[in-house]
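Residue-level structural notes
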Amino acid sequence: MSKTLLTLDFETYYDTQVSLTKITTMEYVRHPAFKVWGVGLQVDDGDPYWVSEDEVPVALQEFDWDNTALLCHNTPFDGFILTQYYKQIPGYYYDTAAMSRGWWPGLSASLAAAAKRCFPNDESMRKGDELINAKGIVDLPPDIEEQIAGYCIQDVALTYAIYKQLFEGYPQTELSLINLTTRMFCEPSLQINRERLTMYHDSQVMAGKELISNSGYPGDVLRSNVKFAEALLTDHNISVPTKKSPRTGKSIPALGKNDAGYKQMCSMYPEHKNIWDGREAAKSRIEETRAQTFLNAADPNTNSLPAPLRYYAAHTGRFGGTDKLNLQNLPRNSELRKCLVAPEGKLLYVADLSNIEARMLAWLAGQEDLLAQFAAGDDIYSNFASTVYNRTINKTDDPTERFVGKTAILGLGYGMGSKKFQATLASGSGGPALEFSDSQAVSVVNTYRQTYYKIPLLWKRLENFLLMSLKESHDLPYGVLTFRDGNILLPNKMALKYTDLRLNDGNLQYVGRNGIETTYGGRITENVIQALSRIVITDAMLLLENDPELTVALTVHDEVVLIGPNENPDATMDYIISVLCKPPLWAAELPLDAEGGYARNYSK
């Protein structure tokens, strides 16, 4: 890319309250106490240097930002300061923290950790800790500023060195995706309907107070497990259920809203629904809190709302929510979702790939009959339910039976057993709570594995290939995948990496985000399918972003949210769907389908 590469690192005031551990990046930068102590800069491969507080605005104005690519470690933070505080918009964004997450998925992407992995034998390439000496100091005295300047210059040098090491092997499509993800945050296109969101927040506050009042107990009793248990026993002769504490091993009240014992107690005493509702209102203020977080995060003048997404948050490359907003978790038809809007004169287009994982699974397994059903536009859930119930099932007349088929198609493709399938149906997750006997659950699982017999074969093959890659010195190709040294190379040149993969007592284990993790055929298959599906959606995002009339504002799982023109919206929607339905070159025969809609707000 023929742009000036500017490595940049802002050093800013922080204390116990004005801190990213307490508030969002947006609130932090807009806080009255926010202050830039200085900035570290490096132009291309020149020497890094420090610019003191008063000189920062002039130093930044010297750059031709349209022709400058910004490089930082955690660019959403520094980039947000640059774009929103100093009003300078770079032509491109690089982020070594994002690149680290992609290159070493599941491991820490901190600058200190990335430096140790890139330069394990060079102790000079280490991050310092001088920043702690400046905590709570508004105006840095000369000696402290000198320490911070050295600390910052070292960070700039480390960031550039890490970038140089990772850049050569990093796919350009993934770098473009990092740029797009950062732009969604630093140059937000989504807005909030502040009036509607405020009304929703206030309604949640009032509703919570009313539920607590109707319970007959004060909030402190409802919130305390001990006081709540005593009140139930004293006033209603109800003994609360118990469970074993995972921390101490001792018996404790099972009063979590998802505890099976608590759910059973609530269903046994429906006459006390007012108490159960009051308890939930006192314990949880999720919607109220989230609405307030959105209000605080949005720009008070423009109502623009940054989209904080973590690139490569998951081992499979999937995005994750971050910065306390978690836009990845907005239920369909929720009021909070409807409070997100397009700018004036624009529309918000939403499109998502249909059954992408089930389609990708059938394709990779070579399950041709299932692929043919997808290609024909069949109702796959009804088709499988018809096999289970030995009669024709359709969506209109047999919603319960179809739900069983849907749960099977979405759940059994990764090796789920009969017990978990039985529990999934009983939980009512995504549909009605259904009680299946052991034999019924076993029958459905067996029917799935016999009907789509190539899928269980895929589980075993992928596990065997991954295991063999530990022993072979050469690459092991399997379709679009390549197995090498305990890793799985993907068609976009990224990889599913299983750090320190080994066979331990017959179990495949690796070092993951939560320590030692065990994997197996079904889970490996799930990783692969999610990674391949993610490539399809992100490639489509990059194509859509290249359209001058469209701006990718957000992605949620298999869904893309775009800002577009309000003229000829049907044609725009058709174009978006056509891009999403175009199969990748490496899976040209993969039948894709998508659906979508448009409105001023995020209503789909």
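The notes below deal with the structure included here. These numbers come from a predicted model, not from an experiment. (Residues numbered from 1 in each chain as written. Predicted model: local features only at pLDDT ≥ 70, side-chain atom pairs only at ≥ 80, totals over all residues. Heavy atoms only, no water.)

In terms of regular secondary structure, the protein is built from 23 helices and 22 strands. For the protein, whose C-alpha radius of gyration is 27 Å, the value lies close to the compact-globule estimate of 25 Å for 604 residues. Dimensions of the protein, computed from C-alpha atoms along their principal axes, come out at roughly 75 × 65 × 60 Å. Within the span of the protein, comprising 604 residues, buried residues form 52% of the whole. Counting contacts in the protein only where the partners sit at least 6 residues apart, residues at least 24 apart contribute 66% of the total. (Helix = DSSP H or I, 4+ residues; strand = E, 2+ residues; numbered from the N terminus. Rg over C-alpha atoms; globule rule 2.2 N^0.38 Å. Buried < 20%, exposed > 50% of the residue type's maximum accessible area, 1.4 Å probe, protein only. Contact = heavy atoms within 4.5 Å.)

With that settled, the discussion passes to the state of the cysteines. Inspection of every chain in the model, using the stated rule, returns 0 disulfides. In this structure C152 is not part of a disulfide, and its nearest cysteine sulfur, from C72, lies 10 Å away. On the accessibility criterion, C152 (0% relative accessible area) is buried. (Disulfide = S-S within 2.5 Å.)

Attention now moves to the sheet that holds strand β17 (residues 502-504). Strand order in the open sheet formed by 3 strands is β17-β18-β19, and the pairing between neighbours is antiparallel. The open sheet has two edge strands with one neighbour each: β17 and β19 (515-519). Ignoring strand direction, the axes of neighbouring strands in this sheet form an average angle of 45 degrees. Both strand β18 (residues 507-512) and β19 contribute to a ladder of 5 bridges, which runs antiparallel. Counted as the bridge partner of L508 is T519 from β19. Against the sheet, helix α22 (residues 521-545) touches β18 and β19, its axis set at about 100 degrees to β19. (Pairing = 2+ DSSP bridges. Axes fitted to C-alpha atoms, helices over the stretch in contact; angles between N-to-C directions.)

If you check helix α20 (residues 438-451), its first and last C-alpha atoms are 20 Å apart, about what 14 residues at 1.5 Å a residue would give, namely 20 Å. As for α20, its buried residues are in contact with α15 (356-365), α17 (380-389), α18 (399-411), α19 (418-427) and α21 (454-469). (Expected span 1.5 Å × (residues − 1).)

A word on unusual backbone geometry. With a phi close to 50 degrees, D44 is a non-glycine residue in the positive phi region. As for its placement among the helices and strands, D44 is situated in the loop between β2 (36-43) and β3 (49-52). Judged by relative accessible area, D44 falls into the partly exposed class, the value being 32%. One non-glycine residue, N74, lies in positive phi territory at about 75 degrees. Locating N74 in the fold gives a position in the loop between β4 (68-72) and α3 (75-85).

Mapping S245 onto the fold places it in the loop between β7 (242-244) and β8 (251-253). Under the relative-accessibility criterion, S245 is labelled buried at 10%. Discounting residues that sit within four places of it in the chain, S245 has contacts with K250 and I252.

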